[in-house]
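Per-entry structural report
Here is how the chains run, residue by residue.
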Amino acid sequence: MTGPEVPPKAAPDPLVIRSLEFIGPMATSDGWRPTNTLPEIAFAGRSNVGKSSLLNALVRRKAFARVSRTPGRTREINFFAVNQRFVLADLPGYGYARISKERQAEWRPLIEGYLRKSPVLAGIVQLLDVRRDPSDDDRQMLDLLAEIGLPTIVCVTKVDKLSKPQAAARVKEIARELALDEEQIIAFSAVTGAGRDELAEALVSLLDSLPPAGEPEAPSEG
Ligand code: GDP
């Protein structure tokens, strides 16, 4: 007999938030946007997918994403500097079912304009609700990201609403439907905290893979 079992040590937080600062909103595709040189990571998903909850869990603040929800701000892209290391871009939720078709497509000019014309955009976190089939808007978004060639991290949200095997089966289905690699999908819950560290780790490794800011590309041969 050895002594009592030692509980496993909690893994260190891959993304400790030391500073978090609202920089400002972007309201139109040619409107104000940050002029910083920090890499940007954008978060996208349909309204109600759980984006605010995911962001609050990610940065471990209860009401961080509130600014993005104040009236007038929900249609804007809100930028936050995190640890002076990267800029988090909270994209407006798209495709709210209760508004008209015309209104639904409104997301496109701003979001597309931003995604296509952001020199420092390093990647995007695309959220999908575990219980829902991807909508037309979700597919349009993923097609756009593939076309632009933007590194994309897919997070499936609200996995606590299903049993573990059900959630795993849904992740498989979503991966198949969208022709994604199942291994690349992060199963997330703002309620249990599942996937929070995995997402943080994915963001950190994305940032670590970038060339240092301001450094010229390696010269080509010859
Ligand atoms: P947003 O519109 O994408 O920002 O979504 P919210 O974060 O406001 O979430 C929409 C609704 O889903 C709210 O009622 C949340 O409480 C709920 N919700 C968000 N994330 C989770 C989750 O991980 N688990 C559960 N059970 N509910 C969630």
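Sequence positions are assigned chain by chain, starting from 1 and proceeding in written order. Given that this is a predicted model, residues contribute local features only at a pLDDT of at least 70 and side-chain atom pairs are listed and counted only at 80 or more, while totals for whole chains, interfaces and linings are drawn from all residues. Think of the side-chain values as coming from all heavy atoms in the structure, minus any hydrogens and water.

**Notes on the overall build of the protein chain**
Regarding its fold elements, the protein chain presents six helices and seven strands. Helix and strand definitions follow DSSP, with helices as H or I runs of at least four residues and strands as E runs of at least two, each counted in order from the N terminus. Counting helices and strands in the order they occur from the N terminus, the protein chain gives β-β-α-β-β-α-α-β-α-β-α-β-α. Long-range pairs, those at least 24 residues apart, make up 75% of the contacts in the protein chain with a sequence separation of at least 6. The Shrake-Rupley method, run with a 1.4 Å probe, gives the accessible areas here. Residue values count only the displayed protein chains as cover. Just so you have it, the protein chain exposes about 12600 Å², and 52% of that area is on carbon and sulfur atoms. By definition, residues are in contact when any of their heavy atoms lie within 4.5 Å.

**Remarks on the site of the ligand**
Note on terminology: near, applied to a residue and a molecule or strand, indicates that one of the residue's heavy atoms is within 4 Å of it. Near the ligand you find 15 residues, and of these Lys-51, Ser-52, Ser-53, Asp-160 and Ala-190 are the closest. Here an oxygen atom of the ligand and a backbone polar atom of Gly-50 are 2.9 Å apart. What qualifies as a polar contact is a pair of N or O atoms within 3.5 Å, subject to a donor-acceptor requirement within protein and to the restriction that residues adjacent in sequence count only when both atoms come from side chains. Residue Ala-190 places a main-chain N or O atom 2.8 Å away from an oxygen atom belonging to the ligand. Here the ligand has 570 Å² of accessible area as a free molecule, and 71% of this is covered by the chains. Classifying every residue of the shell around the ligand by side-chain character gives three nonpolar, six polar and six charged. Lys, Arg, Asp and Glu make up the charged group, whereas Ala, Val, Leu, Ile, Met, Phe, Trp, Tyr, Cys and Pro make up the nonpolar group; the residues left over, Gly among them, are polar.

**Remarks on the packing of helix H3 (residues 107-116) against helix H4 (residues 136-148)**
All axes are obtained by fitting lines to C-alpha atoms, using only the stretch in contact for helices, and the reported angles, taken between N-to-C directions, cover 0 to 180 degrees. Direction vectors running N to C along H3 and H4 enclose 20°, while the axes themselves pass 11 Å from each other. When the interaxial angle is binned, H3 and H4 end up roughly parallel. The handedness of the crossing between H3 and H4 comes out as right-handed. On the side of H3, the interface is formed by Trp-107, Arg-108, Ile-111, Glu-112, Leu-115 and Arg-116, while H4 contributes Asp-137, Gln-140, Met-141, Leu-144, Leu-145, Glu-147 and Ile-148. Taken together, the residues that form the contact of H3 with H4 break down as seven nonpolar, one polar and five charged. Put simply, angles under 35 degrees are roughly parallel, angles over 145 are roughly antiparallel, angles from 65 to 115 are roughly perpendicular, and the rest are oblique. Each crossing is labelled by how the near helix is turned from the far one, with a counterclockwise turn of less than a right angle marking it left-handed and a clockwise turn marking it right-handed.

**Examining the pairing of strand E3 (residues 77-82)**
Exposure is judged per residue with a 1.4 Å probe applied to protein chains only, and the accessible area is read against the type maximum: over 50% gives exposed, under 20% gives buried, and values in between give partly exposed. Of all the six residues making up E3, six are buried; the element is thus mostly covered by neighbouring parts of the structure. Here E3 shows two buried faces, one formed by Ile-77, Phe-79 and Ala-81 and the other by Asn-78, Phe-80 and Val-82. Pairing between strands requires that DSSP locate at least two bridges from one strand to the other. In the sheet, strand E1 (residues 20-26) pairs with E3 via six bridges, with the strands oriented antiparallel. Bridging across to E3, Met-26 finds its partner in Ile-77.

**Focus on the pattern of salt bridges**
Basic side-chain nitrogens of Lys or Arg form a salt bridge, by our definition, when they fall within 4 Å of a carboxyl oxygen of Asp or Glu. Inspection of every chain in the model, using the stated rule, returns 16 salt bridges. Its salt-bridge partner being Asp-13, residue Arg-60 comes within 3.1 Å of it at the nearest N-O pair. Of the two residues, Arg-60 is situated in the loop between helix H1 (51-59) and E3 and Asp-13 in the segment before E1; the sequence distance between them amounts to 47 residues. For the salt bridge of Glu-112 with Arg-108, the shortest nitrogen-to-oxygen distance reads 2.8 Å. Separated by four residues within a single helix, Glu-112 and Arg-108 lie in helix H3, roughly one turn from each other. Glu-112 gets classed as buried once you look at its relative accessible area, which sits at 18%.

**Focus on the packing of aromatic side chains**
Note on ring pairs: Phe, Tyr and Trp rings are taken, using the six-membered ring of Trp, and paired if centres are within 6.5 Å. Classes follow the plane angle, with under 30 degrees stacked, over 60 edge-to-face and the rest tilted. Throughout the structure, instances matching the rule amount to three aromatic pairs. An angle of 45° between the planes, with centres 5.2 Å apart, marks the rings of Phe-22 and Phe-80 as tilted. Note that Phe-22 is positioned in strand E1 and Phe-80 in strand E3, a separation of 58 residues in sequence. With 5.7 Å between their ring centres and 65° between their planes, Phe-79 and Tyr-114 make a pair best called edge-to-face. With a gap of 35 residues between them, Phe-79 in strand E3 and Tyr-114 in helix H3 connect regions that are remote in the sequence. Put simply, the rings of Trp-32, Phe-79 and Tyr-114 touch in pairs and so form one group of aromatic residues.

**Some points on the packing of H1 against helix H6 (residues 196-208)**
To describe two helices that pack against each other, one gives the angle between their axes and the distance between the axes. The interhelical angle for the contact between H1 and H6, taken along N-to-C directions, is 75°, at an axis separation of 10 Å. One way to sum up the angle between H1 and H6 is to call them roughly perpendicular. On the side of H1, the interface is formed by Leu-54, Ala-57 and Leu-58, while H6 contributes Arg-196, Leu-199, Ala-200 and Leu-203. For the contact of H1 with H6, the per-class residue count stands at six nonpolar, no polar and one charged.

**Here we look at the nonpolar core**
Nonpolar side chains tend to gather and get buried jointly when the protein is soluble and globular. In terms of nonpolar packing, the biggest core is built from 33 residues, with Ile-77, Leu-91, Tyr-114, Leu-115, Ile-124 and Met-141 touching the most fellow members. A total of five residues in this core trace back to one element, the largest contributor, which is H3. Discounting chain neighbours no more than four positions away, the residues touching Ile-77 are Gly-24, Pro-25, Met-26, Ala-89, Asp-90, Leu-91, Pro-92, Leu-110 and Tyr-114. The definition of a nonpolar core used throughout is a set of buried Ala, Val, Leu, Ile, Met, Phe, Trp, Tyr and Cys residues joined through side-chain atoms within 4.5 Å. Formed by 28 residues, the second largest nonpolar core is a distinct cluster that contains Leu-55, Phe-86, Leu-199 and Leu-206.

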